[in-house]
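Residues per chain are reported as follows:
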Amino acid sequence: MEAFQEILKRSKNIVAIAGAGLSAGSGIPTFRGAGGLWRKYDAISLATPEAFRSDPSLVWQFYHYRRTIAGQKSPNAAHYALASLSIPSVLKRVAPNAESFTLVTQNIDGLSTRAFREVAQRHSLSERDIDNLTRDTIIEMHGRLFDVLCTDSSCGHREHNTTNPICPALAGTEEITERHHEIDEWPAIAPLDLPRCPKCDALARPGVVWFGEGIQRTYTIDSVVEKADLALVVGTSSTVYPASGYQSIVAESGGNVAVFNIDDDTISSGRHLSFIGKCEDILPTALF
Ligand SMILES: CC(C)NC(=O)[C@H](Cc1c[nH]c2ccccc12)NC(=O)[C@H](CCCC/N=C(/NCCC(=O)O)S[C@H]1O[C@H](COP(=O)(O)OP(=O)(O)OC[C@H]2O[C@@H](n3cnc4c(N)ncnc43)[C@H](O)[C@@H]2O)[C@@H](O)[C@H]1O)NC(=O)OCc1ccccc1
Ligand SMILES: [Zn+2]
């Protein structure tokens, strides 16, 4: 812990790279862990553009199920700890030489943004400062569960919509999704009864990044990772690219990497510090 505190004191540009383990403490299932989503549901037939093209009803039931879960959960101590680093005065206290902190999260649940909004309001930041700091310090690289995107690229309307169910036809399907992992037991909903674009009435899709699709804000992330001299790797199995490659870029440029994970098999070589345990228990202590 001392070594980490020393590094924190020296660090100038800090990046946190987060995954499902960050939200596990809030009761959101991870992907690969016990009871993980990819253990129960087949990622390729539910989280790819091809899957959506061939059967939007199935994919919308999967994301309706996850919207229902995420809508019932709240940020945990790890979300708040990272969110606090987005407040310039707090960052200065924790890392006196730091010029920047950026959270790059693979999570689409929106809990980090919610945590930051709460912390920022407690620090009586203006709404405009909150919006600017959210944009500048929190990057949801795989999109947002509560964003809805028009599938007609000439329209391209995107909006944040937390209504649940987002359309009548999805009401109650979360029970079936929960009980029956075999997708052939899920009801077939006609595309006209699925979420439609409020602008052009084309079929709408969840505003998330699927496998085979380009990530959000890739150039911003690359410049953040290139200048980082400390990476906090929080609750990720580092199995999905390009997120899994960022920590080695920081290590290769002589930066430090501190890993926070309940198990130590995600620790790879390089200049690493590892904190094994629940990030919601360890991160607040390590940072404050
Ligand atoms: C499976 C993998 C090998 N495949 C890929 O990486 C692919 C393909 C690929 C591309 N390049 C490659 C190079 C090599 C190999 C493969 C590829 N990558 C892509 O397709 C990417 C995009 C991938 C994004 C997919 N979308 C997600 N999510 C949104 C949707 C949704 O959520 O439904 S990925 C999704 O899965 C990943 C899950 O990983 P984790 O979050 O780490 O979760 P996991 O359960 O695995 O681990 C949890 C960890 O937490 C720990 N933990 C648990 N509890 C706690 C706790 N309490 N405290 C601390 N730790 C804890 C556990 O021990 C564990 O270590 C996350 O990224 C998550 O967002 N796109 C792309 O490359 O496009 C090209 C392109 C480029 C330009 C232009 C056009 C196209
Ligand atoms: Zn549209």
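Refer to the preceding data block for the structure.
The notes below deal with the structure included here. (Residues numbered from 1 in each chain as written. Chains lettered and ligands numbered in written order. Predicted model: local features only at pLDDT ≥ 70, side-chain atom pairs only at ≥ 80, totals over all residues. Heavy atoms only, no water.)

As a further point, take the site of ligand 1. Surrounding ligand 1, one finds 34 residues, the nearest of these being Y63, R66, T236, S237 and Y241. Residue H142 places a side-chain N or O atom 2.8 Å away from an oxygen atom belonging to ligand 1. For ligand 1, whose free accessible area comes to 1500 Å², the fraction covered by protein is 74%. Looking at the shell around ligand 1, the elements that each hand over two or more residues are α2 (21-24), α5 (56-71) and α13 (279-287). Each of domain 1 (1-28 + 75-142 + 215-288) and domain 2 (36-72 + 148-208) gives at least three residues to the shell around ligand 1. (Near = heavy atom within 4 Å. Polar contact = N/O pair within 3.5 Å; in protein donor to acceptor, adjacent residues only side chain to side chain. Areas by Shrake-Rupley, 256 points an atom, 1.4 Å probe, with all protein chains shown as cover. Helix = DSSP H or I, 4+ residues; strand = E, 2+ residues; numbered from the N terminus. Domains from an automatic or database assignment.)

The coordination sphere of the zinc ion (ligand 2) contains the protein donors C150 (SG), C155 (SG), C197 (SG) and C200 (SG), at a distance range of 2.3 to 2.4 Å. One way to put it: the four donor atoms around the zinc ion (ligand 2) meet at angles of 97 to 114°, and that makes the site tetrahedral. Sequence spacing of the donors to the zinc ion (ligand 2): C-x4-C-x41-C-x2-C. Of this pair, C150 sits in strand β4 (residues 143-150) while C197 sits in the loop between α10 (173-179) and β6 (204-208), and the two are 47 residues apart along the sequence. (Donors = N, O, S within 2.8 Å, 3.2 Å for Na, K, Ca; no water. Tetrahedral: all angles 85-135°; square planar, octahedral: opposite > 155°, others 65-115°.)

What follows covers the sheet that holds β4. Across the sheet, which stays open at both edges, the three strands sit in the order β5-β4-β6 with antiparallel pairing between neighbours. Looking at the sheet topology across the chains shown, the edges are occupied by β5 (158-160) and β6. Ignoring strand direction, the axes of neighbouring strands in this sheet form an average angle of 35°. Alignment of β4 against β5, held across three bridges, turns out to be antiparallel. (Pairing = 2+ DSSP bridges. Axes fitted to C-alpha atoms, helices over the stretch in contact; angles between N-to-C directions.)

In this section: the pairing of strand β1 (residues 13-18). It is a general feature of regular strands that their side chains alternate between the two faces of the sheet. With six of its six residues buried, β1 lies for the most part within the structure. The side-chain alternation of β1 yields two buried faces, one formed by N13, V15 and I17 and the other by I14, A16 and A18. Both β1 and strand β2 (residues 100-105) contribute to a ladder of six bridges, which runs parallel. Of the residues in β2, the one forming a bridge with A18 is T105. With five bridges connecting them, β1 and strand β7 (residues 230-234) associate as parallel partners. Bridge pairing in β7 links A16 to L232. (Buried < 20%, exposed > 50% of the residue type's maximum accessible area, 1.4 Å probe, protein only.)

Moving on, we come to the packing of helix α6 (residues 77-84) against helix α8 (residues 111-122). Their axes nearest at 8 Å, the elements α6 and α8 cross at an angle of 60°. With respect to each other, α6 and α8 are oriented oblique. The crossing of α6 and α8 is right-handed. Residues H79, Y80, A83 and S84 of α6 touch α8, and the partners they reach there are L111, S112, A115, F116, E118, V119 and R122. (Parallel < 35°, antiparallel > 145°, perpendicular 65-115°, else oblique. Left-handed = near helix turned anticlockwise from the far one by under 90°. Contact = heavy atoms within 4.5 Å.)

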